[in-house]
Amino acid sequence: MFADAEPDISGSSPTFDALGLSEHVLRAIMEIGYKKPLQVQVECFAPAKAGRNLVVQSRTGSGKTAAFVLPILHRIDYSNSSPQVVVVVPTRELALQVHGEFERLGRYTGLKSVCIYGGTGFGEQFNRLMAGVHVIVGTPGRLLDHYRRGNFRTDQVHAIVLDEADEMLNMGFKEDIDVILADTPDAIQRILFSATLSAGILELTDR
């Protein structure tokens, strides 16, 4: 478990080179213009890349999205177009933001990803899923809609991320999250990000 992360602005803070990123991811970072990793990114990278379960208390704006995107990009088998990672977020806006970060940081890896959320038609989302994807980013309700229709399988999913988990509980998604977790393999990596560690979050992490 890692506490709320602030940017490390000291002169001795690690560089992205020092994290051990692949050349493809490092190339994308250099083009984006990120200078140095933030504290939450440094602390999460090695354990997340190693497949450990993580609970991270980190508020919006702390660099938390790249903190899970960077290690996850190093755990994907790009020769296998089955879903391997599912990222669950509370809102359409955050889904688009997280998906955009995967696309930007994974642009040279061969990553195939899809963003699925409610309030729009199934057609394009269904076509993307059928074409084969490595990462699915979506809101709880729409993720379950696609899953229950058989539009994707979870038998090869090896990591699930719950981003802004406290917001999902506050918005009434607890039952949806329970179903999603229950229908993924027991041995998968679980990463949870939350701005607060409420009683509901602690109960979720205990399970």
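For the structure given in this document, a descriptive report is provided here. (Residues numbered from 1 in each chain as written. Predicted model: local features only at pLDDT ≥ 70, side-chain atom pairs only at ≥ 80, totals over all residues. Heavy atoms only, no water.)

## Side note on the overall build of the protein
Summing up its helical and strand segments, the protein has 10 helices and 6 strands in all. Taking 2.2 N^0.38 as the reference for a compact globule, 207 residues should give roughly 17 Å; the C-alpha atoms of the protein span a radius of gyration of 16 Å, in line with that estimate. A principal-axis box enclosing the C-alpha atoms of the protein has dimensions of 50 × 40 × 30 Å. For the protein, with 207 residues in total, the buried portion stands at 48%. (Helix = DSSP H or I, 4+ residues; strand = E, 2+ residues; numbered from the N terminus. Rg over C-alpha atoms; globule rule 2.2 N^0.38 Å. Buried < 20%, exposed > 50% of the residue type's maximum accessible area, 1.4 Å probe, protein only.)

## With respect to the side chain of Thr 154
In this structure, Thr 154 sits in the loop between helix H7 (140-148) and strand E5 (159-162). Setting aside residues up to four positions removed in sequence, Thr 154 forms contacts with Tyr 147, Asp 183, Thr 184 and Pro 185. (Contact = heavy atoms within 4.5 Å.)

## Considerations on the sheet that holds strand E2 (residues 85-88)
One open sheet accounts for 6 strands, arranged E1-E6-E5-E2-E4-E3; its pairing is parallel. One side of each edge strand has no neighbouring strand; the edge strands of this open sheet are strand E1 (54-57) and strand E3 (113-116). Strand-to-strand twist of the sheet, defined as the mean angle between neighbouring strand axes without regard to direction, takes the value 10°. Pairing of E2 with E5 involves 4 bridges; the strand directions are parallel. Following the sheet pairing, Val 87 is matched in E5 by Val 161. Seen against the sheet, helix H6 (residues 123-131) touches E3 and strand E4 (135-138) and runs at an angle of roughly 155° to E3. (Pairing = 2+ DSSP bridges. Axes fitted to C-alpha atoms, helices over the stretch in contact; angles between N-to-C directions.)

## With respect to the packing of aromatic side chains
Each aromatic ring pair is characterised by the separation of its centres together with the angle its planes make. In the structure shown here, the tally under the stated rule is 3 aromatic pairs. Seen from their ring centres, Tyr 147 and Phe 152 are 5.7 Å apart, and the 50° between their planes marks the pair as tilted. Judged by its relative accessible area of 8%, Phe 152 falls in the buried class. One aromatic cluster is present, built from ring pairs that chain together Phe 68, Phe 102 and Phe 193. Stacked on the ring of Tyr 108, the Lys or Arg Arg 27 has its end atom at 3.8 Å from the ring centre. Against the face of Phe 122 rests Arg 149, its NZ or CZ located 4.1 Å from the ring centre. (Phe/Tyr/Trp six-rings, centres within 6.5 Å; stacked < 30°, edge-to-face > 60°. Lys NZ or Arg CZ within 6 Å of the ring centre and 35° of its normal.)

## Some thoughts on the nonpolar core
Nonpolar side chains in soluble globular proteins tend to be buried together. Within the largest apolar cluster, 37 residues are counted, with the highest numbers of intra-cluster contacts made by Leu 21, Phe 68, Leu 70, Val 87, Val 98, Phe 102 and Phe 193. For this core, the element with the most residues is helix H4 (residues 64-73), which contributes 7 residues. Once residues within four sequence positions are removed from consideration, Leu 70 is found in contact with Phe 16, Leu 21, Val 25, Ile 29, Phe 45 and Leu 105. (Core = buried A, V, L, I, M, F, W, Y, C linked by side-chain atoms within 4.5 Å.)

## Remarks on the packing of H4 against helix H5 (residues 92-105)
In a packed pair of helices, the relevant descriptors are the angle between the two axes and the axis-to-axis distance. Across the interface, H4 lies against H5 with an axial gap of 10 Å and an inter-helix angle of 45°. Compared by their axis directions, H4 and H5 come out oblique. The hand of the H4/H5 crossing is right-handed. Contacts from Thr 65, Ala 66, Phe 68, Val 69, Leu 70, Ile 72 and Leu 73 in H4 reach Gln 97, Val 98, Glu 101, Phe 102 and Leu 105 in H5. (Parallel < 35°, antiparallel > 145°, perpendicular 65-115°, else oblique. Left-handed = near helix turned anticlockwise from the far one by under 90°.)

## A few points about the layout of surface pockets
Its boundaries defined by the atoms lining it, the second largest pocket holds a volume of some 230 Å³. Among the elements of the structure, H4 and H5 are those that each provide at least two residues to the lining of the second largest pocket. (1 Å grid on protein atoms, 1.4 Å probe; cavity = no way out; pocket = protein on both sides within 12 Å on 5 of 7 lines; lining within 4 Å. Points joined across faces, edges and corners; volume = space filled by probe spheres on them.)

## Digging into the environment of Gly 138
Summarising the element assignment, Gly 138 is placed in strand E4. Overall, the relative accessible area of 0% leaves Gly 138 in the buried class.

## Overview of the pattern of salt bridges
One pass over the structure, following the stated rule, counts 7 salt bridges. Here Lys 64 ties to Asp 163 by a salt bridge, and the two come within 2.9 Å at their closest N and O atoms. Residue Lys 64 is located in helix H4, and its partner Asp 163 is located in the loop between E5 and helix H8 (165-170); the two are separated by 99 residues in the primary sequence. Ionic pairing is found between Asp 155 and Arg 153, a salt bridge with its closest N-O pair at 3.3 Å. In this structure Asp 155 comes out as partly exposed when scored by relative accessible area, which is 47%. (Salt bridge = Lys/Arg side-chain N within 4 Å of Asp/Glu carboxyl O.)

## With respect to the side chain of His 146
For His 146, the position within the fold is in helix H7. You can call His 146 buried: its relative accessible area is 0%.

So far we have only geometry, and geometry alone does not tell us how the molecule works.
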